Amino acid sequence: MNLKLDLPIVLLALICSCWGCEKEVPVHFPVIYGHAGTTLADERAVYPPNSEASILYALNALNADGVEVDVQLTLDSFLVIYHDPYLDSRTNITGCVNSTTYSELLTAKYYGDLTLLNLTRVLELTINRGKKVVLDIKPYNFCTEQSIDFEQFNWRLNNAIQAYSSEQRGLITVNCRKFELLFALEDSSIIRCFEGENIEQGINYCENFGIDKLMIKSSIFTNEMMQKLKQKNIRYCISDIKTKQEISWAASFSPDEVITDNIAATRKHYK
Amino acid sequence: MKYWFVLVFCCTLLHVAAQPSIDAYANTGFNRIGFLHDFGGQLEIKSHQIRLGLRFYAPDQVFESNRPGLQLTYRFQYPVFKRCNLISGLQISYFQEYKGEIRFRLIDPHLELGGQWRISKSIQIATVLALGSTQIYTNGGILPGTEQFNYFNYEFKIGLTYRLIGADL
């Protein structure tokens, strides 16, 4: 027996057989949403957050399953897409969305030369094309230090979605930190998502008050939370994911959905 | 047969008139797409440089895989000091990737400006700043036809050039 010749062959065969027997780990593919379109982080954004270009780029170029957008109610009960509590952080006017009329907001310059999107346009870009959308509702007016009118919100949302079929409305998730707003929603096709840090409270809302899923930030998510949610068979979405480490960290909790600021890296992770 | 004569004649003429040289190059840097690495070959005739190579982007904000893209560069160098040249040029790269059912194509033409320093008889280092646009074309998404996305891009890179054939630097 020629050892010099046989040893490498045996080693090669061993390596190949090890690859062949590698245990296949089942991969859990979550629904991937782009944060505020593609990303909310200015240092990563190529288009302004919550803009039409950012939404189209996420859906049609990066192939996200859906987008998350931030929704606020104007003084005259229109629904517009804006993230921050105050307008002067990203526009050329001051005040809060909730204290400003829609016609005044149309004159505001968002990121230099854009105008603020309204909800009707976002629904045309997303559910009208079979893509999912998370509407992150900002329920608090920082200028008056009061909650918005939930009934007005519900009325305006119903107006915006009435043209769509129940199947299309099923692509909409309404996410809010105020349980009362979710409770006020009339349309049963819409998915209700409660965002909060108290997991016991969230589980209670899901089990007893018709909430469909929970939204939890990646920074506070724990293994204990995951075990509780899996035991109760409650769907959950993990948000605030930017870096590759955060993508891996969130993936270790097998979420049903993720809201990410890095769509391509998140898709790559689950490939 | 006559084409061979023409080719040999042209090569001889180039060799006699301009003494072309062939180099290998490698760059590393970043732009709005992410971290990048370039590798390829360079033909230098007098002050003109033509580069053909591959560019790799680290999978991050845009790309899901590190499949290389093709890159073509033209540069002109102006002597400033004995060992230092100012360089300006044009560069274009082409990438393609499938993101699920979406065919994603990216083209990024850039204008380059930088400096090049000779550190030995066969090695040069360079730092380059580039400005340009990134153009993305997608097919197969939720809309029929081709969709286009454009945005401004900037790039900073450092590079190394090694002389393979030709006179010393």
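Preceding block: the structure.
Just so you know, these numbers come straight off a predicted model, no measurement behind them. (Residues numbered from 1 in each chain as written. Chains lettered and ligands numbered in written order. Predicted model: local features only at pLDDT ≥ 70, side-chain atom pairs only at ≥ 80, totals over all residues. Heavy atoms only, no water.)

Draft legend 1. Molecular detail of the state of the cysteines. All names here are of chain A. Across all of its chains, the model carries 1 disulfide over all chains by this definition. The closest cysteine sulfur to the non-disulfide-bonded Cys206 is located on Cys193, 8.2 Å from its own sulfur. The structure places no disulfide on Cys237, whose sulfur is separated from the nearest cysteine sulfur, that of Cys193, by 6.2 Å. Owing to a relative accessible area of 0%, Cys237 belongs among the buried residues under this scheme. (Disulfide = S-S within 2.5 Å. Buried < 20%, exposed > 50% of the residue type's maximum accessible area, 1.4 Å probe, protein only.)

Draft legend 2. Representation of the environment of Asp38 of chain B. All names here are of chain B. With respect to the helices and strands, the residue Asp38 is situated in strand E2 (residues 35–45). Here the alpha-carbon distance between Asp38 and Leu54, two residues 16 residues apart in the chain, equals 5.7 Å. If near-sequence neighbours (up to four positions away) are discounted, Asp38 is found in contact with Tyr25, Ala26, Asn27, Leu54, Arg55, Gln71, Gln91 and Lys157. There is a polar contact of 2.7 Å between the side chain of Asp38 and the side chain of Arg55. At 3.5 Å, the side chain of Asp38 and the side chain of Gln71 are in polar contact. (Helix = DSSP H or I, 4+ residues; strand = E, 2+ residues; numbered from the N terminus. Contact = heavy atoms within 4.5 Å. Polar contact = N/O pair within 3.5 Å; in protein donor to acceptor, adjacent residues only side chain to side chain.)

Draft legend 3. Spatial organisation of empty space enclosed by the protein. Considering all chains together, one arrives at 2 cavities of 30 Å³ or more under this definition. Volume-wise, the largest cavity comes out at about 80 Å³. Every residue lining the largest cavity is counted, 13 residues in all, and those nearest its centre are Thr38, Arg44, Val46 and Tyr57 of chain A together with Gln61 of chain B. For the lining of the largest cavity, a count of residues per class yields 6 nonpolar, 4 polar and 3 charged. Here the second largest cavity is characterised by a volume of approximately 40 Å³. Around the second largest cavity, the lining residues are Phe194, Gly196, Glu197, Asn198, Ile199, Gly202, Leu214, Met215, Ile216 and Met225 of chain A. Listed by contribution, the elements that provide at least two residues to the lining of the second largest cavity are helix H8 (199–208) and strand E9 (213–217) of chain A. The element best represented in the lining of the second largest cavity is E9 of chain A, accounting for 3 residues. When the residues that make up the lining of the second largest cavity are grouped by side-chain class, the tally is 6 nonpolar, 3 polar and 1 charged. (1 Å grid on protein atoms, 1.4 Å probe; cavity = no way out; pocket = protein on both sides within 12 Å on 5 of 7 lines; lining within 4 Å. Points joined across faces, edges and corners; volume = space filled by probe spheres on them. Nonpolar A, V, L, I, M, F, W, Y, C, P; charged D, E, K, R; others polar.)

Draft legend 4. Representation of the interface of chain B and chain A within the structure. Each partner contributes residues to the interface: chain B has 21 residues there, and chain A has 23 residues. Summing both sides of the interface, chain B and chain A together bury roughly 1900 Å²; the carbon and sulfur share of this comes to 51%. Its largest share of buried area at the contact with chain A, chain B owes to Gln61, Glu64 and Ile142 of chain B, together 35% of the area lost on that side. Taken together, the links from chain B to chain A amount to 2 salt bridges. With a closest N to O distance of 2.6 Å, Arg267 of chain A and Glu64 of chain B form a salt bridge. Counting across the interface, chain B meets chain A through 10 residue pairs in polar contact (both at pLDDT 80 or more). (Buried area = accessible area lost by both parts, 1.4 Å probe. Salt bridge = Lys/Arg side-chain N within 4 Å of Asp/Glu carboxyl O.)

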